[in-house]
Amino acid sequence: VQLQASGGGLVQAGGSLRLSCAASISINSINTMGWYRQAPGKQRELVATLTRGGTPNYADSVKGRFTISRDNAKNTVYLQMNSLKPEDTAVYYCNAVIMVPTVRAYWGEGTQVTVSS
């Protein structure tokens, strides 16, 4: 499975960005897709996930500001980021987890998000 992330960039605090993650296979065959981020000197952390059944999960730090969604026809998952803060600055990674026949996780190349104050 290949994941192609895009949409990062430089934005001022309070602004918005939308990240996209295009999968090389039907996302209906992926159990969970999500976004993680890693800031300099910090561990990679969960931002948001979306199950195949449509259940989202968000880190507390982004609840109410970020929305994860998907377009099955385009095999793409999105992360709409609003009210961005400087602490959202990080490299954002797309993730896919397939659980059958074995649990496998796939990562895309990161996309840089920089929020200036």
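Structure: above.
Predicted model, so just to flag it, every value in this text is computed and none were measured.

Caption draft 1: Summary view of the state of the cysteines. Considering all chains together, one arrives at 1 disulfide under this definition. Across the disulfide, C21 is cross-linked to C94 (sulfur-sulfur distance 1.9 Å). Given an S-S torsion of about -80°, the disulfide between C21 and C94 has left-handed geometry. Placement of C21 in strand β3 (residues 17–23) and of C94 in strand β9 (residues 90–98) is noted, with a sequence separation of 73 residues between them. The exposure class assigned to C21 is buried, which follows from its relative accessible area of 0%.

Caption draft 2: Broad picture of the pairing of β9. A large share of β9 lies buried, amounting to 7 of its 9 residues. Examined bridge by bridge, strand β4 (residues 32–38) and β9 share 7 bridges and lie antiparallel to one another. Across the sheet, the residue bridging to W35 is C94, located in β9. Across 3 bridges, the pairing between β9 and strand β11 (residues 111–116) is antiparallel.

Caption draft 3: Spotlight on the nonpolar core. If you look at the biggest cluster of nonpolar residues, it comprises 31 residues, and the most contacted ones within it are M33, W35, L79, M81 and Y92. Going through the elements one at a time, β1 (3–6), β3, β4, β5 (45–51), β7 (66–71), β8 (76–81), β9 and β11 are the ones with two or more residues in this core. Other than its neighbours up to four places away in sequence, L79 contacts L17, R18, L19, W35, V47, A48, F66, T67, I68 and Y92.

Caption draft 4: Summary view of a nonpolar patch on the surface. On the surface, M99, V100 and V103 cluster together to form a nonpolar patch covering roughly 320 Å² of accessible area. On the accessibility criterion, M99 (45% relative accessible area) is partly exposed.

Caption draft 5: Spotlight on the pairing of β4. Of all 7 residues that make up β4, 5 are buried, and the element is covered over most of its length. Pairing between β4 and β5: 6 bridges, direction antiparallel. The residue of β5 that forms the bridge with G34 is T49. Connecting β4 to the next strand, β5, in antiparallel fashion are 6 residues, including G41 with a positive phi near 75°.

Caption draft 6: Summary view of the sheet that holds β3. Taken in spatial order, the 4 strands of this open sheet run β1-β3-β8-β7, and their pairing is antiparallel. Each edge of the sheet is formed by a strand with only one pairing partner; in this case those strands are β1 and β7. Adjacent strand axes in the sheet meet at a mean angle of 15° when their direction is disregarded. Of the pairings in the sheet, the one linking β1 to β3 comprises 4 bridges and is antiparallel in character. Following the sheet pairing, S6 is matched in β3 by S20.

Caption draft 7: Up close: the packing of aromatic side chains. Going through the model one piece at a time under the given rule, you end up with 1 aromatic pair. Ring geometry for Y36 versus W107: centroids 5.1 Å apart, planes at 70°, classification edge-to-face. Placement of Y36 in strand β4 and of W107 in strand β10 (residues 104–107) is noted, with a sequence separation of 71 residues between them. Note on W107: relative accessible area 40%, which makes it partly exposed. The cationic tip of R44 hangs over the ring face of Y93; the distance from NZ or CZ to the ring centre is 3.7 Å. Positioned over the ring face of W107 is R44, at 4.6 Å from the centre of the ring.

Calculation criteria
- Residues numbered from 1 in each chain as written.
- Predicted model: local features only at pLDDT ≥ 70, side-chain atom pairs only at ≥ 80, totals over all residues.
- Heavy atoms only, no water.
- Disulfide = S-S within 2.5 Å.
- Helix = DSSP H or I, 4+ residues; strand = E, 2+ residues; numbered from the N terminus.
- Buried < 20%, exposed > 50% of the residue type's maximum accessible area, 1.4 Å probe, protein only.
- Pairing = 2+ DSSP bridges.
- Core = buried A, V, L, I, M, F, W, Y, C linked by side-chain atoms within 4.5 Å.
- Contact = heavy atoms within 4.5 Å.
- Patch = residues over 30% accessible without salt bridge, like charges linked within 9 Å, V, L, I, M, F, W, Y side chains within 5 Å.
- Areas by Shrake-Rupley, 256 points an atom, 1.4 Å probe, with all protein chains shown as cover.
- Salt bridge = Lys/Arg side-chain N within 4 Å of Asp/Glu carboxyl O.
- Axes fitted to C-alpha atoms, helices over the stretch in contact; angles between N-to-C directions.
- Phe/Tyr/Trp six-rings, centres within 6.5 Å; stacked < 30°, edge-to-face > 60°.
- Lys NZ or Arg CZ within 6 Å of the ring centre and 35° of its normal.

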